Amino acid sequence: MSASQRSGTTDELGPDEPEQPERDGADLLAALLDGMDAALCAFDADGVVTHWNREAERILGWSAAEAVGRQGFAGWAVRRADAGEVEERLLSAMRAPGRQVHEFALLTKDGGRVLVRTQSAAVRGPDGRPAGVYCAFSEVHAQIDLERSIALSEALLEDASWGVVLVDVDLRPAVVNAHAARALGAGRTSVLGRPLGDLLAQGVEELESALTHVLAEGAPPGPAEVWVSVRTPEGERRRCWRSGFVRLASPLAEEPVPLGVGWLFQDVTEGKQAEQEAALLRFRTNQLHRAARAAAECEDPAEAAVVHLDFALAGFADHALIDRVVGERGHGAGDLEAVDPEAAGPVRLMRVAATPSGAPGPSVPAGTSGMPVRYGEGHPAVQCVERAGSVRASAGARAVPAERVREWATARQWPADTVHALCAVLRSRGRTLGVVTFLRGSGRSAFERSDAVYAEDVAVRIAAALDLAGAVEGRQGQR
């Protein structure tokens, strides 16, 4: 009688449906045992082998037909000298609570020896008494490899000195270790499941592109350096992470099924910044050297000043201006510190040379009109002359509207696309000759202290050339 008939319901196939054979339960058990990844055998209370799956056959070479029904392992799966000890250790699981773990050598069908690690436990009958023992075993080296893999995973996710993030196929963090959480500026649980765009202000597109590539194509041949800006309560932090990626696939599927990406990274910001600073210093030193050699070939010292300006502009600024002091300050008796500011009058500057404000090109002399530039009071160039020191100015942060930036630049007689300015005083033989101004557009960062040092080096060379040009003009006038 079928289960549905016993419950009082009508079976769709009618009363003549054949009964399921009792063998179905045994077939199901055999299929489950044969499908296990671990080798498994079982003994009854007398030590007779009752079950033997395919993994056990693979490891030792003995088939189920050859193994089931044998008394213990003696003489076939274990040397007779060791059989007593092995059998005692296996069957002792019937008298002990929980599972017992042992290691010993088994014999293969071809006479070889395999060191295995076993886990055995009691099998209890309907009355609760031990009716036998089941024993799961695997080769020791395979077990050790598994334990090492698990230990490595735990160590990476807990104690690693670099960031480890497991990203799912939706490109969202699924597991984050402590180091990575600190680098992201958040807690280990608060970042889980969140889009990377919530954690990073810049560099998200590049990072997501790398993760997508790994999911589709596999791990890249080498690490990648990714610049990002991390959102923190203190503001955005610019960081460089040297990142490695591995694709995670399920070991249980017949075909590789991606589970996500393992992303390992290390913060190399300080090292990269040091490399960039060193490369920038080498470039600027080479520019100064090349400018000196080119200026030495100029017959006109004023032309040499323009040469210095053009060489300095490369990679440093978008525009540059040279203004020379005119009037009492320009022809007064030397050092500004020895001149009474009130007696000397206001600072007046005359344009000597400037780079084109449209398309890039070499600096152009401003002519000989002698008309002063209409700089207002408090202009950075005027402040530079008054202080005899460098002055930096900026239109403001990135949030400033473009129209206000243009108004700011136009009011200072600079090209409309100017956002950042750096003025360096031109000093020679204890006198202030003028000022050189470097200008940057919105595509560049603001001038820093290291930029001011470089500008001052350039200003010294320009001032020496202009001073020589003035001396030459004076001698020619005396003739």
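Below you will find a few notes about this structure. (Residues numbered from 1 in each chain as written. Predicted model: local features only at pLDDT ≥ 70, side-chain atom pairs only at ≥ 80, totals over all residues. Heavy atoms only, no water.)

1. Side note on the sheet that holds strand β4 (residues 113-124)
- The antiparallel open sheet is built from five strands, whose spatial order is β2-β1-β5-β4-β3. Edge strands, defined here as strands with exactly one partner in the open sheet, are β2 (49-52) and β3 (100-107). Strand-to-strand twist across the sheet, computed as the mean angle between neighbouring axes with direction ignored, equals 30°.
- Of the strand pairs in this sheet, β3 and β4 are connected by eight bridges, and their pairing is antiparallel. Looking across to β4, one finds that V101 is bridged to Q119.
- Running at roughly 150° to β3, helix α5 (residues 80-91) makes contact with β1 (39-44), β3, β4 and β5 (130-139) of the sheet. (Pairing = 2+ DSSP bridges. Helix = DSSP H or I, 4+ residues; strand = E, 2+ residues; numbered from the N terminus. Axes fitted to C-alpha atoms, helices over the stretch in contact; angles between N-to-C directions. Contact = heavy atoms within 4.5 Å.)

2. A closer look at the packing of aromatic side chains
- Going through the model one piece at a time under the given rule, you end up with 13 aromatic pairs.
- With centroids separated by 6.5 Å and ring planes inclined at 50°, the aromatic side chains of W52 and F137 adopt a geometry described as tilted. Taken together, the residues span a long stretch of sequence, with W52 in strand β2 and F137 in strand β5 at a distance of 85 residues. The same class applies to W52 as to F137, namely buried.
- The rings of F43, W52, W62, F73, W76 and F137 are connected pair by pair, giving a single aromatic cluster.
- Stacked on the ring of W76, the Lys or Arg R70 has its end atom at 4.9 Å from the ring centre. (Phe/Tyr/Trp six-rings, centres within 6.5 Å; stacked < 30°, edge-to-face > 60°. Buried < 20%, exposed > 50% of the residue type's maximum accessible area, 1.4 Å probe, protein only. Lys NZ or Arg CZ within 6 Å of the ring centre and 35° of its normal.)

3. Describing a negative patch on the surface
- Side chains of E299, D300, E303 and E473 sit close together on the surface and give a patch of like negative charge.
- Following the sequence through the fold, E473 ends up in helix α16 (residues 449-478). (Patch = residues over 30% accessible without salt bridge, like charges linked within 9 Å, V, L, I, M, F, W, Y side chains within 5 Å. Areas by Shrake-Rupley, 256 points an atom, 1.4 Å probe, with all protein chains shown as cover. Salt bridge = Lys/Arg side-chain N within 4 Å of Asp/Glu carboxyl O. Lys, Arg positive; Asp, Glu negative; His and termini not counted. Charge placed at Lys NZ, Arg CZ, Asp CG, Glu CD.)

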